[in-house]
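So you can see what is in the structure, the chains are spelled out below.
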Amino acid sequence: MQRARHCFIRHAAPLATCALLVTAFLCKSAQADSHSDHDRIVALRTEAKTHEYGNGQPRNPNKAVELYCEAAHLGDAEAQYSLGWMYAMGRGIDRNDSAAAYFFTLAAQQGDPLAARMLKQVGDPPNKPPDCVANILARFDAQGHDIVAKAVPEHRKVMTLVQRLAPEYGVYPRLAMAIIRAESNFNPTAVSPKNAQGLMQLIPETAERFNVKKPFDPEQNIRGGLAYLRWLLAYFEGNIALVAAAYNAGEGTVNHYAGIPPYAETQGYVKRIREIFKKEEHPFDAHITPPSPNLSRILNAKRLM
């Protein structure tokens with residue numbers, strides 16, 4: 001839900017960028033999806049351990065890496081740490097401190113103290129994700145066809161409208177769908193306690209700013225939300241975590257805290273968006289607005305979850 005909205009960010013410096021590249025988390029807006037992801041993560045991690053340690057079968061480190069990577073991409077800190085350990089120790093695979101740093105960074109961001117300690121041993125994370133992550137990202141569906149295929153009919157109508165409108169604003173439909181799910185769960189008549197309205201929960205000030213006269217009209221509301229997302233993407237130079245934080249808590253709040261604010265609601269919101277969107281960066285139009293004047297401070301503070 002929207003609060004005051006005024007803040008932005010740039011492409012992260014190499015260290016921050018790679019740490020953000022694919023941090024996915026387990027929070028989905030639908031409880032059933034969360035349970036489904038949890039079960040899948042446990043299954044992936046269990047099978048990966050079997051291949052790593054060879055419990056009852058020959059060891060297969062490469063298969064373990066593949067399975068751990070899938071679980072890590074879904075936000076499992078244990079899998080992230082296990083992958084970092086395999087790369088750091090050269091456990092059945094070539095030692096790769098850069099890849100180890102990448103996965104230790106993800107686990108450390110979720111509060112794993114051992115991962116944070118190991119980071120000191122392996123150095124800085126890379127500018128590009130390891131190959132197993134790149135392979136997952138290659139399957140990214142910007143249009144959100146997979147989301148539409150699983151949707152109930154009334155949600156699918158909204159998603160189809162998003163797929164038609166989003167390209168006009170240079171916004172991936174998948175990102176807009178993630179925002180709508182988190183904001184209103186596809187309810188065009190939703191109203192928050194703070195008077196955020198419609199599918200994309202536009203507060204009156206934002207509706208006026210982007211010329212939305214009828215916030216409960218699905219097309220007008222989506223257009224207003226897309227215009228705002230386009231602006232945020234330019235202001236934060238495509239950084240999904242910061243765009244999501246600003247959509248929830250306001251650009252000014254993100255600037256004030258030099259990154260994602262320490263609010264449980266906002267941090268949970270950012271996790272949901274990242275889980276659904278599945279990428280940490282989005283193309284942006286630099287002509288829309290200059291980047292945040294606090295960009296350097298935000299990146300240096302590394303408050304990017």
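So, a few notes on the structure that sits alongside this text. Being a predicted model, the structure only gives us computed values, none of them experimental.

### Some thoughts on the nonpolar core
- Counting residues in hydrophobic clusters, the biggest one holds 54 residues, and the most contacted among them are I222, F236, Y247 and I273.
- Within the residue set of this core, elements represented by two or more residues are α8 (145-150), α9 (153-165), α10 (173-184), α12 (218-235), α13 (240-249) and α15 (264-277).
- With nine residues, the single largest contributor to this core is α12.
- Of all hydrophobic cores here, the second largest spans 33 residues; its members include L44, A79, L83 and V122.

### A closer look at the pattern of salt bridges
- One pass over the structure, following the stated rule, counts 14 salt bridges.
- Across the salt bridge formed by E219 and R164, the nearest N and O atoms sit 3.4 Å from each other. Of this pair, E219 sits in helix α12 while R164 sits in helix α9; the two residues are 55 residues apart in sequence, bridging distant segments of the chain.
- With a relative accessible area of 29%, E219 lands in the partly exposed category.
- What makes R164 partly exposed here is its relative accessible area of 48%.
- R209 is the partner of E251 in a salt bridge, and the nearest nitrogen-oxygen pair spans 3.8 Å. Here E251, found in helix α14 (residues 251-256), pairs with R209, found in helix α11 (residues 204-209); they are 42 residues apart in sequence, far enough to count as distant.
- With relative accessibility at 0%, the residue E251 sits in the buried group.

### Notes on the side chain of Q163
- Inspection of the secondary structure assignment puts Q163 in helix α9.
- Side-chain polar atoms of Q163 contact the side chain of H145, separated by 3.4 Å.
- Ignoring any residue separated from it by four or fewer positions in sequence, one finds Q163 in contact with Q143, G144, H145, V148, P173 and M177.

### Remarks on the packing of α9 against α10
- Close contact between α9 and α10 brings their axes to 9 Å; oriented N to C, the two are set at 140°. In terms of orientation, α9 lies oblique with respect to α10. Relative to α10, α9 is oriented so that their crossing is right-handed. Across the interface between the two elements, V158, M159, V162 and Q163 of α9 pack against P173, A176, M177, I180 and R181 of α10.
- Broken down by class, the residue content of the contact of α9 with α10 amounts to seven nonpolar, one polar and one charged.

### Remarks on the packing of aromatic side chains
- Within this structure, the stated rule accounts for 13 aromatic pairs.
- A ring pair is formed by Y228 and Y247, whose centres lie 5.4 Å apart and whose planes are at 50°; its orientation type is tilted. Here Y247 lies in helix α13 and Y228 lies in helix α12, a separation of 19 residues in the sequence. As far as the burial class goes, Y228 and Y247 line up, both buried.
- Counting every residue linked through ring pairs, the aromatic cluster contains F210, Y228, W231, Y235, F236 and Y247.
- Here K279 stacks its cationic end above the ring of F140, 5.2 Å away from the centre of that ring.

### Section: the packing of helix α5 (residues 97-109) against helix α6 (residues 113-122)
- One way to put it is that α5 packs onto α6 with a least axis distance of 8 Å and a crossing angle of 155°. Taken together, α5 and α6 sit at an angle that is classed as roughly antiparallel. As α5 packs across α6, the resulting crossing turns out to be left-handed. Residues D97, A100, A101, F104, T105, A107 and A108 of α5 form the contact with α6, whose own contacting residues are A115, A116, M118, L119 and V122.

### Structural notes on helix α4 (residues 77-89)
- The first and last C-alpha atoms of α4 sit 18 Å apart over 13 residues, in line with the 18 Å expected at 1.5 Å per residue.
- Those residues of α4 lying buried are A77, A79, Q80, Y81, S82, L83, G84, M86, Y87 and A88.
- Positive phi shows up at G90, right after α4, with a value of about 60°.

Conventions and cut-offs
- Along every chain, residues carry numbers that run from 1 in the direction the sequence is written.
- Residue-level local features of this predicted model are given only where pLDDT is at least 70; pairs of side-chain atoms are given and counted only at 80 or more, and the full residue set underlies all totals for whole chains, interfaces and linings.
- Only hydrogens and water are set aside; all other atoms, that is, all heavy atoms of the structure, feed into the side-chain values.
- Here, nonpolar core means buried Ala, Val, Leu, Ile, Met, Phe, Trp, Tyr and Cys residues that are tied together by side-chain atoms lying within 4.5 Å of each other.
- We call a residue buried when its accessible area falls under 20% of the maximum for its residue type, exposed when it is over 50%, and partly exposed in between, using a 1.4 Å probe and counting protein chains only.
- Secondary structure elements are taken from DSSP: a helix is a run of H or I of four residues or more, a strand is a run of E of two residues or more, and numbering for both begins at the N terminus.
- One side-chain nitrogen of Lys or Arg within 4 Å of one carboxyl oxygen of Asp or Glu is enough to make a salt bridge.
- Polar contacts, as counted here, are pairs of nitrogen or oxygen atoms within 3.5 Å of one another; within protein the pair requires one atom able to donate a hydrogen and one able to accept it, and residues that are adjacent in sequence qualify only if both atoms are side-chain atoms.
- Every residue pair with non-hydrogen atoms within 4.5 Å of one another is taken to be in contact.
- All axes are obtained by fitting lines to C-alpha atoms, using only the stretch in contact for helices, and the reported angles, taken between N-to-C directions, cover 0 to 180 degrees.
- Relative orientations are named as follows: roughly parallel for angles under 35 degrees, roughly antiparallel for angles over 145 degrees, roughly perpendicular for angles from 65 to 115 degrees, and oblique for any other angle.
- Should the near helix be turned anticlockwise from the far one by less than a right angle, the crossing is left-handed, and should it be turned clockwise, the crossing is right-handed.
- Basically, the charged four are Asp, Glu, Lys and Arg, the nonpolar ten are Ala, Val, Leu, Ile, Met, Phe, Trp, Tyr, Cys and Pro, and anything else, Gly included, counts as polar.
- The aromatic pairing rule takes the rings of Phe, Tyr and Trp, using the six-membered ring of Trp, and pairs them if the centres are within 6.5 Å, calling planes under 30 degrees apart stacked, those over 60 edge-to-face and the rest tilted.
- Here, a charge over a ring is recorded when the distance from Lys NZ or Arg CZ to the ring centre is within 6 Å and its angle to the ring normal is within 35 degrees.
- Expected span of a helix: the number of residues minus one, times 1.5 Å.

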